[in-house]
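Given next are the chains, with one letter for each unit.
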Amino acid sequence: MIYHDVIVIGAGLAGMRAAIEASKSADVGIISKVYPTRSHSGAAQGGINAVLHPGDTFDSHIFDTVKGSDYLGDQNAIEVLCKEAPENIYEIEHMGAIFSRTDDGKIAQRELGGASFPRACFFGDLTGHTLLHLLYEQLLKSNVKIYNEWFVTKLIKENGRCTGAICYNIQKGNFELLKAKAIVLATGGYGRAFARTTNAHINTGDGMALAYEIGAPLADMEFVQFHPTTLFGTNILVSEGVRGEGGYLKNNKGERFMERYVPSKMELAPRDVVSRCIQIEVREGRGFENEYVHLDVTHFGEAKVNEKIPQVKELARKFAGVDIVKEQMPVQPAQHYSMGGIRTNIWGETNIKGLFAVGECACVSVHGANRLGGNSLLETVVYGRRIGRKVAEYIASAEFQKISESHLKDEEKRIKKLIDRKGKESNSVIRKELSEILTFKVGVFRVGNEIEEALNEIKKLQDRAERVSIQDKELVYNTQLTSVLEMEFLLTLSEIIALGALNRKESRGAHYRNDYPERDDAKWLKHTIVTKKDDSIKISYEDVSITKYQPQKRVY
Ligand SMILES: Cc1cc2nc3c(=O)[nH]c(=O)nc-3n(C[C@H](O)[C@H](O)[C@H](O)COP(=O)(O)OP(=O)(O)OC[C@H]3O[C@@H](n4cnc5c(N)ncnc54)[C@H](O)[C@@H]3O)c2cc1C
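Rules and cut-offs
Residues numbered from 1 in each chain as written. Predicted model: local features only at pLDDT ≥ 70, side-chain atom pairs only at ≥ 80, totals over all residues. Heavy atoms only, no water. Pairing = 2+ DSSP bridges. Helix = DSSP H or I, 4+ residues; strand = E, 2+ residues; numbered from the N terminus. Patch = residues over 30% accessible without salt bridge, like charges linked within 9 Å, V, L, I, M, F, W, Y side chains within 5 Å. Areas by Shrake-Rupley, 256 points an atom, 1.4 Å probe, with all protein chains shown as cover. Salt bridge = Lys/Arg side-chain N within 4 Å of Asp/Glu carboxyl O. Near = heavy atom within 4 Å. Polar contact = N/O pair within 3.5 Å; in protein donor to acceptor, adjacent residues only side chain to side chain. Nonpolar A, V, L, I, M, F, W, Y, C, P; charged D, E, K, R; others polar. Phe/Tyr/Trp six-rings, centres within 6.5 Å; stacked < 30°, edge-to-face > 60°. Buried < 20%, exposed > 50% of the residue type's maximum accessible area, 1.4 Å probe, protein only. Expected span 1.5 Å × (residues − 1). Contact = heavy atoms within 4.5 Å. UniProt positions renumbered as here; feature names shortened; annotations may be inferred. Axes fitted to C-alpha atoms, helices over the stretch in contact; angles between N-to-C directions.

(A) How the structure looks around the sheet that holds strand β4 (residues 109-110). Strands sit in the order β3-β5-β4 across an open sheet of 3 strands; the sheet is antiparallel. Of all the strands in the sheet, just β3 (48-49) and β4 have a single pairing partner and so form its edges. Pairing of β3 with strand β5 (residues 120-121) involves 2 bridges; the strand directions are antiparallel. Within β5, the position partnered with Ile48 by the bridge is Cys121.

(B) A nonpolar patch on the surface, seen in detail. Residues Met1, Tyr3 and Phe400 make up a contiguous nonpolar surface patch of about 280 Å² in total accessible area. Tracing the backbone shows Tyr3 in strand β1 (residues 2-9).

(C) Broad picture of the site of the ligand. Residues in contact with the ligand amount to 37 residues; listed here are only the nearest, Ser39, His40, Ser41, Glu360 and Ser376. Ala14 is positioned with one of its backbone polar atoms (N or O) 3.0 Å from an oxygen atom of the ligand. Separating a nitrogen atom of the ligand from a backbone N or O atom of Gln45 is a distance of 3.5 Å. Per-element accounting of the shell around the ligand gives the leading share, 4 residues, to helix α12 (residues 375-396). Grouping the amino acids of the shell around the ligand by side-chain chemistry returns 14 nonpolar, 19 polar and 4 charged.

(D) Just the packing of aromatic side chains, in detail. Summed over the entire model, instances satisfying the criterion amount to 13 aromatic pairs. Plain terms: the ring middles of Phe99 and Phe123 are 4.3 Å apart, the flat faces sit at 20° to each other, and that makes the pair stacked. With Phe99 in the loop between α4 (85-95) and β4 and Phe123 in the loop between β5 and α5 (127-141), the pair connects residues that are 24 residues apart, well separated along the chain. A relative accessible area of 8% means that Phe123 is categorised as buried. Measuring from centroid to centroid gives 5.5 Å for Phe356 and Tyr394, while their planes differ by 70°, and the two rings are edge-to-face. Taken together, the residues span a long stretch of sequence, with Phe356 in strand β16 (residues 355-357) and Tyr394 in helix α12 at a distance of 38 residues.

(E) Looking closely at helix α15 (residues 448-465). Spanning 18 residues, α15 covers 25 Å between terminal C-alpha atoms, matching the ideal 26 Å at 1.5 Å per step. Of the positions making up α15, those classed as buried are Gly448, Ile451, Ala454, Leu455, Ile458, Leu461, Arg464 and Ala465. In the core, the buried residues of α15 are packed alongside α14 (427-441) and α16 (479-503).

(F) Geometry of the UniProt feature "domain: FAD-dependent oxidoreductase 2 FAD-binding" (unreviewed entry) in the protein chain. UniProt marks residues 5-377 with the feature "domain: FAD-dependent oxidoreductase 2 FAD-binding" (unreviewed entry), using the numbering shown here. Annotated as 29% helix and 23% strand, the span residues 5-377 places its first and last C-alpha atoms 26 Å apart.

(G) Highlighting the sheet that holds strand β15 (residues 341-343). Pairing is mixed in the open sheet, where 5 strands are placed in the order β17-β15-β10-β18-β19. The open sheet has two edge strands, β17 (362-363) and β19 (536-543), and neither has a second partner. Note: strand β10 (residues 218-219) against strand β18 (residues 526-533), 2 bridges, orientation antiparallel. Considered in β18, the bridge of Leu218 is made with Val530. Its contacts with the sheet put α16 on β10, β18 and β19, and the angle it makes with β19 is roughly 50°.

(H) Broad picture of helix α1 (residues 13-22). The buried count for α1 comes to 10 of 10 residues, which makes it a mostly enclosed element. Listed as buried for α1 are Leu13, Ala14, Gly15, Met16, Arg17, Ala18, Ala19, Ile20, Glu21 and Ala22.

(I) Representation of the side chain of Arg110. Following the sequence through the fold, Arg110 ends up in strand β4. What makes Arg110 buried here is its relative accessible area of 4%. Separated by 2.9 Å, the side chains of Arg110 and Glu245 make a polar contact. In this structure Arg110 touches Gln45, Gly46, Pro118, Arg119, Ala120, Phe122, Gly124, Gly241, Glu245 and Lys308, once residues within four positions along its chain are discounted.

(J) Structural context of the side chain of Asn375. Inspection of the secondary structure puts Asn375 in helix α12. For Asn375, a relative accessible area of 0% puts it in the buried group. One polar contact links Asn375 to Thr65, side chain to side chain, over a distance of 3.2 Å.

Right, dumping it as C-alpha cells:
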C-alpha cells in the first residue's frame, strides 16, 4: 500500500497548482494517466483573465462573469476568482513565465468574448502550453511524488470518508491501493462524450464519474459549452483570441452576420450566443456545405498572424489545408467545456469528508450556465492554490483511517472479469454512437423529444456496454482496457447530462431549449444537483449564491 497525506488525482494546471501548494507543508503524491505535460490544459490558446491595468475594475470582471453565467454562477465564488486573479498572475510570472508584453513593457491583454475590457493575459496563442510547462518545472522542484501513467479506477469510501483510491499502473500492468488523509480530484472535463469536441482524447470525465459512484453530488451537468469556432473536419479549436485580435465571421454571402444578431459586440459576443448564431446561419442556408461558416483574418497581414496567432496558422495549415494569411478558415461549433462537475464549496470541499475537487472536473460554480473565455485557466490557478492551502490545513488535524486490503482484491477481480468477458460488442462502436447521440440530440439547440430519444438510446448503449469484450489480455499498457473504463465513465455522465437537459425546462446560457426559449428565473434560478441513490439518479436543487448582482435580462 502507498501512503500520502494528500493524493492529487490529475496533473493538469489545477492538480499541479494544488499539489505544489499543499506540498509546502504536507506529503503529497500526484497521479496522472498521462505525463503531466500532455494534460489538456496544454491546449489552451487564448488567455487567462485578470484585472491588471487602470480602467479595469474587479466589479467589472465580476459583473461580466455573473452576466456571462446567465446569473447561474455563484457570486461568492466569482468574487474569489476575480479578486485573487492579479496576485496569481504576478506569482506565475515570478515563477518564470513571461507573459506577452505591450510596447512599453507591461503585461499585454486581449479582449475575449463577453468581456467589457481587454483583460486576458496571454503568451501568444500558447498560453496553456506555457503555463503547463511552468507548473511542471515547479512540480519537479517540489518534493511531490509523481505517479506518471497511473490510471485511477476507483475511489474508496469507508465510514463516510474518502480514504483512498485504486490505481492501474499502466506501465507495469499491476494494481495499487493508495491511502490518503485527503484526495483532491483534478481530472478535467468529459469532452469526448461528444463527437464534435475540441477536447483531447483523455478528457473522459473520469473524476466526475468516480466521485458520483461514491455518493458525491454533481452540479449543473446539463450546461455544456460549445465553442463557436473549431476547424471543420477535426474540430480543433480556433482560439477566441483570433476574434479578439480582430478576426471576422462571414457567411456564404460574405456578410459579417454577427451584425444582425449582436451589433454591439459583433464577433466578441459570448460563446453560447455566437455558437447559436453560426448554427442559425448554416440552418438557414447561409453556410458552406450545410456545415460551417468562415473565419477571416486575411486583413491581418502576415506579420500580425505570425506574432499573435502562430499556432492557429500552423493548425489551420496542417488540419484544414488553409493558409490563413490568404484564405478564410472553415469553422463550426463543437463541445468545448464542462460548466458542471463535482459540487464543491469555495474551499473545494465536497459533501464527502476527505474528498476535494478543483478545476474543470469541479463545479464551485464560477461559470454558471456559460463560461467566459480566459476564466477557466484562471480558475485552475486561483482555486488550485486555494484548495492546496485548504487541504494542507485539513490534513494537519486529520488522521489516516483504516482501509481494508480487500478493496484491492475486489477491484483486481472486477478488472479480470472485464478482460475475460466474452461479448460481441465493440467499445469503439459504442463510444462513436454515444458521441453522435450527444452531439446531435443534446447539442447547441435542444428539444424535449430529441433529448428523450437520446436518453433511451444512452440506456440501450449502457446495456450493450455490458457485452463489450477486450481482445488484449495483457495488463502492461492495455490501452483497450483504459478505453473501456473511460467508456463506462462517459456512459454514466452522458445519462446525467441528458437527464439534466430534459429536466431543465428553460433556456439559460449554453442550455438552449427550442421548446422553452426563455430564461425562467421564477422556476429555474437554481443549481441542478445530481446524486447516486440506490443505483439510480436522484435530482435535487440548490439556491444560487447572489451577493450583489440581481438577475437582469442578459443582453449584449
Ligand atoms: C483546446 C482548448 C483551449 C482552451 N483554451 C482556454 C483559454 O484560452 N483560456 C481558458 O481560460 N481556458 C481555456 N480552455 C479550458 C481550460 O484549458 C481547461 O478547462 C483547463 O485547463 C482544465 O484544467 P484541469 O487541470 O482542470 O484539467 P486537465 O488539464 O484536463 O487535466 C486533467 C488531468 O487529469 C488526469 N486524469 C484524468 N482522469 C484520470 C484518471 N482516471 N486517473 C489518473 N489521472 C487522470 C489527466 O491525466 C490530466 O493530468 C481551453 C480548453 C481547450 C480544450
